[in-house]
Amino acid sequence: MLNINNPSLLSFLVSSEDDGIAVTNPAIGEVLGYVPIQTEQAIEQCIEQASIGQKRWAAMAAKERSGLLRCWFELIMENKEDLARLMTLEQGKPLAEAQGEVVYGASFVEWFAEEAKRTNGETIPAIAGNKRLMTIKQPVGVACAITPWNFPIAMITRKAAPALAAGCSFIVKPAELTPLCAFAVAELAYQAGIPRDVLQVVLGQDAPTVGSIFTSHPLIRKLSFTGSTQVGRILMEKSAHDIKRTSMELGGNAPFIVFDDANIEAAVQGALASKFRNAGQTCVCANRFYVHSSIYDQFVTKFDAAVQQLNVGNGLEDGVQVGPVISLQAKQNIQALTERAIEQGANPVSSWQPLDGLFVAPVVLKDVTHQMDIVSQEIFGPVAPVIAFDSDEELIEMANDTIYGLASYFYSQNIHRVWKIAEALEYGMVGINEGIISTEVAPFGGVKQSGIGREGGKQGIDEYLDIKYLCFGGS
Ligand code: SIN
């Protein structure tokens, strides 16, 4: 049931499937409501309006834009409980995690409200005495984004806030599975005073149609995408025709490494946090565990004991730590990968029972080898395969043996090893003695086929700015 304290957040809902698409609660399969979809012509009109709105928005003083973003941040925080409830209802993550995501999502708005005032250019010493050289930064124009279902608010604000701070207008197509949070958070932006043509949420007949419009419309200058490497590749290819700027936050295959000199208790806690956040459905979730053979049995036993304590269920219920996965297809993929690993010789440390509905029981797999399919593919579920290793050299080879390069983690208390391994891992992000690395103040992003560009940090706003070089002659 969509009962929340502030009904204005749901003013976008339409009455039936004839007018929009149904949004379903993955925990119980109940239809929560219907959200509007737009025709191709209507989406093109949104882009034209965004282009007009962007010019007014960019002409505004940065301090004024900053103030509106600050107000948006405050409204998100004031409506935290409602937004978290909506998120749990449509996405499934436990309520405490949803509350955490609302705060995480809001933190990008707060951070970029501040960065809006710091899009400084620079002066450059000229090589000829009569010239003066400088750079200024200007918004790229109309920016658009396609965002995933696993973080229904944070993946939007992490893109929208820097775009708006830079002076761009912004159109987002949220995931069809989790649009309630997207429309609700946009509603709060309008209540904060951000113009409706500067921030828009659109849904079309299907995702490829909207993707084609975004990548081909001449007024769109920038596309930011979070999702699979496969879809990111298609969007990049399509964007190439008009040489549109793109930021891509794509798939991952994060290694989580425990050396023989690690604090094992800390490593178990880090492993739990990194693997089971959002039921294992994040791009930065640990996907494969490498544990030194001398501590393998000890780690596996302690890790499994902690995993057996995890409470699986409807995210609205007290004490639940692992909610449902997002869809039947997701559940089938996770089960197929796990069953294949078992066929190939892996063993669940404790018995692994099938659960009803969209729930998947968390499991630790031992006797896993680096060659198994589960090691090379993104699991996106609560399954933790653990592989033994003997030397640092062998470990680095296995850890880097992937097309992906988003997040990686390792636990060691040896400072020499810490530097060596941190430098050797071919990843955009490395958690050292830490399982949760995401924050608005640091640059999030990958290398190799995990993507291009950075979100958050002081780098995040540059994705929405062009640098213009000015050369003053005859001075
Ligand atoms: C993601 O799964 O792509 C986002 C995870 C995060 O921001 O921590």
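Residues numbered from 1 in each chain as written. Predicted model: local features only at pLDDT ≥ 70, side-chain atom pairs only at ≥ 80, totals over all residues. Heavy atoms only, no water.

For the protein chain, the name recorded in an unreviewed UniProt entry is NAD-dependent succinate-semialdehyde dehydrogenase, with Vibrio aquaticus as its organism. In UniProt, the protein chain has this text filed under Sequence similarities (unreviewed entry): "Belongs to the aldehyde dehydrogenase family." (UniProt positions renumbered as here; feature names shortened; annotations may be inferred.)

On to the UniProt feature "active site" (unreviewed entry) in the protein chain. Those places that UniProt annotates as "active site" (unreviewed entry) correspond, in this numbering, to Glu249. Summarising the element assignment, Glu249 is placed in strand β9 (residues 245-249). Accessibility expressed as a relative area gives 4% for Glu249, which makes it buried. Those residues in contact with Glu249 that lie beyond four places of it in its chain are Met155, Arg158, Phe225, Thr226, Gly227, Cys283, Leu406, Phe444, Ser450 and Glu455. (Helix = DSSP H or I, 4+ residues; strand = E, 2+ residues; numbered from the N terminus. Buried < 20%, exposed > 50% of the residue type's maximum accessible area, 1.4 Å probe, protein only. Contact = heavy atoms within 4.5 Å.)

Once that is clear, we can look at the UniProt feature "domain: Aldehyde dehydrogenase" (unreviewed entry) in the protein chain. Following the UniProt record, the feature "domain: Aldehyde dehydrogenase" (unreviewed entry) maps to residues 15-469 here. Annotated as residues 15-469, this span is 40% helix and 20% strand, and its ends, taken at the C-alpha atoms, are 52 Å apart.

So, on to the packing of aromatic side chains. Overall, the coordinates contain 11 aromatic pairs when judged by the stated rule. Between the aromatic rings of Phe276 and Phe303, the centroid separation amounts to 6.3 Å while the plane-to-plane angle is 55 degrees, which identifies the pairing as tilted. On the criterion of sequence distance, the pair formed by Phe276 in helix α9 (residues 264-276) and Phe303 in helix α10 (residues 296-308) is long-range, its members being 27 residues apart. Given the relative accessible area of 4%, Phe276 is considered buried. An angle of 50 degrees between the planes, with centres 5.2 Å apart, marks the rings of Phe289 and Phe303 as tilted. Of this pair, Phe289 sits in strand β11 (residues 286-292) while Phe303 sits in helix α10, and the two are 14 residues apart along the sequence. Counting every residue linked through ring pairs, the aromatic cluster contains Phe256, Phe276, Phe289, Phe299, Phe303, Tyr409 and Tyr411. Here the basic side chain of Lys93 rests over the ring of Phe151, its NZ or CZ set 4.1 Å away from the ring centre. In this arrangement the basic side chain of Arg158 is found over the ring face of Phe444, its NZ or CZ atom lying 3.9 Å from the centre. (Phe/Tyr/Trp six-rings, centres within 6.5 Å; stacked < 30°, edge-to-face > 60°. Lys NZ or Arg CZ within 6 Å of the ring centre and 35° of its normal.)

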